Each structure stands twice: as C-alpha cells, then as structure tokens.
Amino acid sequence: MNKDQIKTPPAVEQRTIRVPSSLTVRELASLMQVSPIDVIKQLMSNGIMATINQQIDFDTAAIVASDMGFEVLPEAPSEPAPATAPAAGAPARDRFIADEDPSKLKPRPSVVAVLGHVDHGKTTLLDRIRATNVTAEEAGGITQHIGAYQVTVGGRKITFLDTPGHQAFTAMRARGAQVTDLVILVVAADDGVMPQTREAIEHARAAQVPILVALNKIDKSNANPDRVKQQLADVGLLVEEWGGDVICVPVSAKMQTGIDELLENIFLVTDVADLRANPDRPAQGTVIESTMDERQGAKVTLLVQNGTLHVGDIVVIGTHFGKVRAMFDDRGNRIKQAGPSTPVAILGFPVVPLAGERFEVVVSEHVARETVNARLAAERAADKQQRRTVSLEEVFSRMQSGETQEVNIVLKADVQGSIEPIVNSVCELGSQECKVRFLRQGTGNITESDVMLAVASSAIVIGFNVSVDPAAQRLAEAEGVDIRLYNVIYRLVEDLDKALKGRLEPAYQEVVTGHAEVRAVFKISRRGNVAGAYVLDGQLTRNSPARLLRNGEKVYDGKIASLRRFTEDVAEVNAGYECGIALEDFQDYQVGDIIEGYKMERVS
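Only a predicted model underlies this, so the values are computations on that prediction, with no experimental measurement involved.

A. Structural view of the overall build of the protein chain. Each helix and strand counted, the protein chain has 15 helices and 33 strands in total. A buried classification covers 47% of the 604 residues belonging to the protein chain. Long-range contacts, defined here as pairs at least 24 residues apart, represent 71% of the contacts in the protein chain between residues at least 6 apart. Total accessible area on the protein chain is roughly 29800 Å²; 48% of this is exposed by carbon and sulfur atoms.

Pasting the structure below:
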C-alpha cells in the first residue's frame with residue numbers, strides 16, 4: 001500500500017445545525033460531529049487561536065461551520081450538560097481527581113513523554129525545546145535538569161519528562177503510575193520505523209495515551225518522509241495527510257526547524273482531554289526519579305499531579321515518610337510551592353524511593369506514621385506482594401466480578417506465518433463482555449521486553465513454537481507473569497476459549513532445571529551419536545523433558561534418553577560435571593549446542 005492507494009474520506013454532505021449565541025469549541029465540534037482538533041485548526045486558519053473550552057460567538061461559529069460544509073441557523077442557548085465523573089476504567093492519571101468537586105478543578109499543564117529509537121534525535125529534540133525557553137543569563141540552568149522540566153509557549157506551560165526512553169516509561173507504568181497525557185514519537189526521516197519505535201508505540205497504546213509523531217532529521221539528503229509514513233501506517237499509525245487521525249510534524253532538531261509547530265500541535269492534542277486538577281488541596285503525585293547525594297542526602301524528583309506541594313509538608317512515599325526541607329524547580333532555583341503538573345526536586349526524604357511510586361502529603365507526622373505502619377502491617381500479613389498481573393485461570397472469575405473487561409495478550413511465534421491464524425482464531429473468541437486484545441505480535445523467543453510489557457499491562461504472554469529466554473523467565477517468576485507455551489494452534493485457542501467460559505483446567509508451568517553445553521560429538525556402535533557435554537547450571541535428569549537450542553533457536557524438543565558419567569549410567573548430573581547425553585530419537589548434535597532440561601509443575 002502506498003500513499004496513492006489510500007482512499008481519502010468522502011466530502012462531508014452539507015447539513016444544517018442550530019447554534020446558540022455563544023458556545024465552546026468542544027460544543028461546536030459536538031454539534032457538527034467532528035473532532036475538536038479539526039475545529040481548532042479551522043479557527044487557526046481564520047487567525048483565531050482558541051482552546052477546546054474557549055467560548056466563541058455565533059458569528060465565529062457560523063464562519064467555521066460554513067467552511068466545514070454546514071449550514072448554520074441561530075438557536076437559543078441550551079442548558080449546559082451536567083458534569084460527569086471519570087469512568088471506572090479511566091487511566092490512573094485521572095483517578096487523582098475522581099473524587100474532587102468539579103467546581104474546584106482548574107486547567108493544568110499537559111505532561112508529555114518523548115519516546116523513540118536510539119539515535120533518532122530524541123535527546124537533541126528535547127534539548128532544542130528546552131533551549132528555546134532559556135535566556136542567555138539562564139543558559140547554565142540547562143544542565144541542571146531534574147528528570148523533568150517545563151517550557152512556556154504563548155503564556156501556557158508544557159511539562160516534559162526527560163526519561164531514558166520507553167523502558168523507564170514502562171517501568172513507571174509497571175508500578176501503577178500513569179503520568180503522561182501525550183507521547184511524542186520521534187522517528188528519523190532517514191531511518192524509519194525501527195524495533196524500539198515499534199516498542200514505544202506498543203507501550204503508548206497499552207497506556208492508552210495519544211501519540212503525536214515528530215518526523216525528525218528532515219534536513220538530511222537521504223530523508224524519505226513518505227517511506228516513513230508508509231511504515232507508520234503498516235504498524236497502525238495513519239497520519240492525517242493520508243486520511244488518518246495521527247498528527248505528524250516534520251522537524252529538524254539539528255537545524256532547529258519545526259519546533260514551534262510541534263509545540264502548537266501538543267496544545268491541539270492535549271486541549272481535547274480538558275486536563276484539570278485541584279490546586280487547593282494537599283499534594284499528590286508520582287516519583288519521577290531519585291538519587292543519593294553525598295552532601296544533601298536523598299534527592300527525589302516528584303511530579304505534582306493534584307494539589308500544591310509546599311516546603312515543610314510531610315510527604316509519604318510507600319512505607320517511608322519525610323519532611324520537605326527544600327524544593328527546587330527544573331532550573332535549580334529554590335521555590336516554596338509547586339502546583340499541578342509541576343516537576344520539583346525535594347530534599348528531606350530519608351530513603352531513595354523507586355520511580356513510579358506514589359506520594360501524598362498528610363497533615364502531620366502522627367498521621368504519616370500511622371499510614372506507614374498500616375502499610376507495613378499489610379505487607380507483613382501477605383506472604384507475597386499482590387501482583388497486578390492476571391493469570392489465564394483467573395480470567396473468568398475477574399470477568400464475573402467486573403474486574404476485567406478485556407484480556408491483554410503478548411504473542412510470540414516462531415515465524416510470521418503462524419501469527420495471523422492465531423490472532424484470527426483468538427479474536428473470534430472475544431465477546432461484548434470480554435474482549436481479547438493483542439498488545440504485541442512478534443517472532444522469536446520470549447524476552448525481558450515482552451515480560452515487562454506484560455507486567456505494565458496485566459497481560460498474559462503466549463508463545464507458539466518458541467522458548468523463554470532465561471532472563472525473561474526469571475523476571476516472569478519475580479513479577480508473577482503468566483507465560484503459556486504451545487506447539488499446536490488448536491490447543492492454544494481451546495485454552496483461551498475455556499478461560500473465557502470458566503472451564504479451564506489447572507495449568508502446568510514449565511520450570512527449567514539446567515543447561516549443558518555440547519563440547520564434543522561421539523559415535524557409539526548400536527546407539528549412534530552421543531553428545532559429550534558440560535553441565536553449566538542446575539541439574540539434568542534422565543528421562544526428563546529437554547530441548548536442544550542452536551544459536552538460540554529450538555531444533556529439538558523431547559526427552560533425555562540416557563546420561564553417562566565415564567562408563568556408568570547415572571540418574572542425574574549436576575552443574576560443573578561432564579557427561580554423555582543421548583536425546584531420544586535425535587542424532588544431529590553440534591559443538592556449541594545447548595541442551596536445556598525442564599519439568600512441568602502444576603500452578604497452585
């Protein structure tokens with residue numbers, strides 16, 4: 001598919017709408033049943049800068065609606081619609097204000113994360129954005145960033161998270177934090193969509209955060225914007241000029257072009273969300289990063305998401321509390337208070353908390369101590385920290401209780417040809433009560449990145465004719481992620497169907513018992529080839545299941561037929577010992593092959 005093949009939407013048939021003497025941009029968009037962003041753009045083309053909640057008069061609305069193909073008639077003003085509470089499934093960033101009195105909520109700056117593939121110019125773009133808001137006298141402040149910073153454009157602020165890419169973004173979500181209102185996806189015009197680009201898209205989608213594409217390096221002679229837009233379309237991001245709804249802004253961080261347009265479009269996208277918070281309450285928010293300073297102690301970067309933080313406040317983070325002794329903005333200046341969407345560094349906390357942990361201000365040290373003691377007691381009462389992940393066995397019960405309306409799946413298969421029939425078969429199982437959503441579809445073994453995405457999104461990892469990397473297996477066990485491995489499609493589909501209907505039988509989890517490296521191949525009469533191997537870790541057991549891996553790819557899955565130490569048959573061989581291994585119905589050993597033993601344990 002190329003640009004010429006994409007069908008442009010048909011022209012809007014002229015309709016009649018009745019418009020009151022004044023209304024907001026959002027209300028006008030609703031009357032026309034179009035996106036508020038389209039209305040804002042039309043206003044801009046007429047020289048009017050307006051936000052989504054800005055009131056416009058009848059004449060202005062009539063001009064905009066007429067330009068968009070509508071006939072406008074006057075109407076008496078209508079009663080405003082009652083305020084509605086956030087939906088139960090609203091992202092975590094909105095839950096801070098779920099119980100707030102709507103009359104106390106005021107507009108707040110947007111919080112933006114910039115993600116992208118390595119070397120695509122993310123850091124340079126962030127530096128250019130920040131530099132445009134720093135005067136010559138303040139230039140030294142550029143180096144004093146605290147993991148997040150604010151810029152001011154036309155009297156309005158934007159907060160940027162200066163994180164090391166999507167991994168930090170995901171790690172914060174894995175701990176329950178949802179701090180961003182928008183993701184800017186930086187894609188190099190000369191390089192295109194790369195593996196980390198796709199991962200960033202997957203994580204932004206899993207977080208249900210809007211995406212704005214910054215097409216960087218357009219100044220380069222080998223830049224090919226159309227090729228990049230085609231690649232974006234292939235992964236489900238269709239840009240506006242191709243008939244989609246994703247804004248794509250061409251920029252050159254090196255030449256400092258397109259930066260202003262990018263900032264204007266950030267306002268366009270985030271204004272639709274009507275971001276609000278209550279500044280007149282004790283602060284709540286999220287830890288962005290923290291370090292230990294030899295002279296100052298723990299230096300903790302916080303993002304205030306609701307309320308206002310003051311010097312002297314008592315802050316509770318997890319199972320610790322402290323008093324804010326000093327507070328600094330992103331320029332390193334001492335400040336006394338910080339409102340919603342403001343990043344600050346504080347001193348006075350006794351420990352270095354994890355990024356993604358929540359903080360809250362309480363009225364006194366007594367209340368803080370009671371809060372911390374209650375949390376410690378809850379942790380002691382539980383044998384294991386409760387996981388937010390969901391197992392396949394729990395799907396039906398969570399559906400029944402209303403906890404789960406969709407099942408998130410990370411799918412890895414041996415070849416691309418296996419993915420489509422699996423996805424098609426599984427998607428047919430979804431119903432109105434519970435939908436099946438694939439967060440990632442890819443080929444190759446299950447990796448740490450797959451497990452981290454599952455942790456952050458309460459997903460189940462499914463592998464078809466693949467194995468699990470040892471590091472991924474350890475992470476899955478530590479985080480309680482459910483990994484399911486299959487080699488027959490109908491069994492995979494059958495298990496998911498049973499889970500959705502509450503008929504899934506107890507599951508068995510694969511546990512790797514040890515690895516041995518083939519260091520020689522011997523030919524034995526009447527037996528054939530035997531592998532001379534050295535056990536690297538764990539233990540190998542005769543008659544136990546085993547697979548043979550070559551260059552990371554599985555070439556055999558069966559069982560260990562015999563184990564020998566010197567001239568004796570043995571039942572098991574531990575790490576650090578050499579042995580002879582014969583796999584059942586297998587002869588094609590090569591030096592360097594890895595024999596992986598495993599067993600199946602029932603999941604309790």
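Let's pick the thread back up.
B. A look at unusual backbone geometry. Positive phi, normally seen in glycine, also occurs at Ser341, with a value near 65 degrees. Its location among the elements puts Ser341 in the loop between strand E19 (337-338) and strand E20 (342-349). Using a relative accessible area of 2% as the deciding quantity, one classes Ser341 as buried. Despite not being glycine, Asn543 has its phi angle at roughly 70 degrees, a positive value. Mapped onto the secondary structure, Asn543 falls in the loop between strand E27 (528-541) and strand E28 (545-550).

C. Representation of helix H13 (residues 448-457). Taken across its 10 residues, H13 has 7 buried, putting it largely inside the fold. Listing the buried residues of H13 in full gives Asp450, Val451, Leu453, Ala454, Val455, Ala456 and Ser457. Following H13 by one or two positions, Ser458 has its phi on the positive side, about 50 degrees.

D. How the structure looks around the sheet that holds strand E14 (residues 297-306). Taken together, the 7 strands give an open sheet; going across it, the order is E17-E16-E21-E13-E14-E20-E18, and neighbouring strands pair in antiparallel fashion. At either end of the open sheet lies a strand with only one pairing partner, and these are strand E17 (320-323) and strand E18 (326-328). Neighbouring strand axes in the sheet, compared pairwise and without regard to direction, differ in orientation by 35 degrees on average. Judged from the 4 bridges that link them, strand E16 (residues 314-317) and E17 form a sheet pairing that is antiparallel. Each residue of the ladder has a partner; that of Val315, found in E17, is Gly322.

E. Representation of the sheet that holds strand E8 (residues 156-161). With respect to topology, 6 strands assemble into an open sheet ordered E7-E8-E6-E9-E10-E11, the strand pairing being mixed. The sheet is open, and its two borders are formed by strand E7 (148-153) and strand E11 (248-250), each paired with just one other strand. Direction aside, the axes of adjacent strands within the sheet are offset by 30 degrees on average. Relative to E8, strand E6 (residues 110-116) runs parallel, the two sharing 4 bridges. Directly across from Ser110, in E8, lies its bridge partner Ile158. Each of E6, strand E9 (182-188) and strand E10 (211-216) touches helix H7 (residues 195-206); the most contacted strand, E9, lies at about 165 degrees to it. Contacts from helix H9 (residues 259-271) reach E6, E7, E8, E9, E10 and E11 within the one sheet, and its direction differs from that of E8 by about 95 degrees.

F. Local environment of the side chain of Arg108. One can find Arg108 in the loop between strand E5 (106-107) and E6. Separated by 3.0 Å, the side chains of Arg108 and Asp181 make a polar contact. A distance of 3.1 Å separates polar atoms of two side chains, one belonging to Arg108 and the other to Ser341. Once residues within four sequence positions are removed from consideration, Arg108 is found in contact with Asp181, Leu275, Arg276, Ala277, Gln305, Pro340 and Ser341.

G. Spotlight on H9. With 13 residues, H9 ought to run about 18 Å at 1.5 Å a step, and its terminal C-alpha atoms sit 19 Å apart, in line with that. Of all the 13 residues making up H9, 10 are buried; the element is thus mostly covered by neighbouring parts of the structure. For H9, the complete set of buried residues consists of Ile259, Leu262, Leu263, Asn265, Ile266, Phe267, Leu268, Val269, Thr270 and Asp271.

H. The side chain of Ser467, seen in detail. Within the fold, Ser467 resides in the loop between strand E24 (459-464) and helix H14 (470-479). Leave out the neighbours within four places in its chain, and Ser467 touches Asn445, Ile446, Arg547 and Leu549.

I. Quick look at the pairing of E14. Burial within E14 is extensive, with 9 of its 10 residues counted as buried. Both strand E13 (residues 284-293) and E14 contribute to a ladder of 9 bridges, which runs antiparallel. Bridge pairing links Ser290 to Val300 in E14. Between E13 and E14, which pair antiparallel in sequence order, lie 3 residues.

J. The arrangement of the nonpolar core in detail. Leu125, Phe160, Ile184, Leu262 and Ile266 are the most contacted members of the largest nonpolar core, which has 25 residues in total. Among the secondary structure elements, those contributing two or more residues to this core are E6, helix H5 (122-131), E7, E8, E9, E10 and H9. Element by element, the count of residues in this core is highest for H9, at 6 residues. Setting aside residues up to four positions removed in sequence, Ile266 forms contacts with Ser110, Val112, Ile158, Phe160, Leu182, Ile184 and Leu212.

K. Highlighting the pairing of strand E21 (residues 358-362). Relative to E21, E13 runs antiparallel, the two sharing 3 bridges. Note on E21: the bridge partner recorded for Thr286 is Arg358. Judged from the 4 bridges that link them, E16 and E21 form a sheet pairing that is antiparallel. Across the sheet, residue Val315 finds its bridge partner in E21, namely Val361.

L. Structural view of the packing of helix H1 (residues 25-32) against helix H2 (residues 36-45). Contact geometry of H1 with H2 gives a least axis separation of 8 Å together with a crossing angle of 115 degrees. With respect to H2, the axis of H1 lies roughly perpendicular. Here H1 runs over H2; the crossing is right-handed. For the pair H1 and H2, the contacting residues are Val25, Leu28, Ala29 and Met32 in the first and Pro36, Val39, Ile40 and Leu43 in the second. For the contact of H1 with H2, the residue count by class is 8 nonpolar, no polar and no charged.

M. Summary view of the packing of aromatic side chains. Using the criterion set out here, one finds 3 aromatic pairs in the structure. On the numbers, 5.2 Å between centres and 80 degrees between planes, the contact of Phe586 with Tyr589 is edge-to-face. Residue classification places Tyr589 among the buried positions, given a relative accessible area of 6%. Among the aromatic residues, those joined into a cluster by ring pairs are Tyr556, Phe586 and Tyr589. Just above the ring of Phe267 sits the side chain of Arg156; from NZ or CZ to the centre is 4.3 Å. If you follow Arg547 out to its NZ or CZ, it ends over the ring of Tyr598, 4.3 Å from the centre.

Procedures and definitions
- Residues numbered from 1 in each chain as written.
- Predicted model: local features only at pLDDT ≥ 70, side-chain atom pairs only at ≥ 80, totals over all residues.
- Heavy atoms only, no water.
- Helix = DSSP H or I, 4+ residues; strand = E, 2+ residues; numbered from the N terminus.
- Buried < 20%, exposed > 50% of the residue type's maximum accessible area, 1.4 Å probe, protein only.
- Contact = heavy atoms within 4.5 Å.
- Areas by Shrake-Rupley, 256 points an atom, 1.4 Å probe, with all protein chains shown as cover.
- Pairing = 2+ DSSP bridges.
- Axes fitted to C-alpha atoms, helices over the stretch in contact; angles between N-to-C directions.
- Polar contact = N/O pair within 3.5 Å; in protein donor to acceptor, adjacent residues only side chain to side chain.
- Expected span 1.5 Å × (residues − 1).
- Core = buried A, V, L, I, M, F, W, Y, C linked by side-chain atoms within 4.5 Å.
- Parallel < 35°, antiparallel > 145°, perpendicular 65-115°, else oblique.
- Left-handed = near helix turned anticlockwise from the far one by under 90°.
- Nonpolar A, V, L, I, M, F, W, Y, C, P; charged D, E, K, R; others polar.
- Phe/Tyr/Trp six-rings, centres within 6.5 Å; stacked < 30°, edge-to-face > 60°.
- Lys NZ or Arg CZ within 6 Å of the ring centre and 35° of its normal.

These figures capture arrangement, not role.
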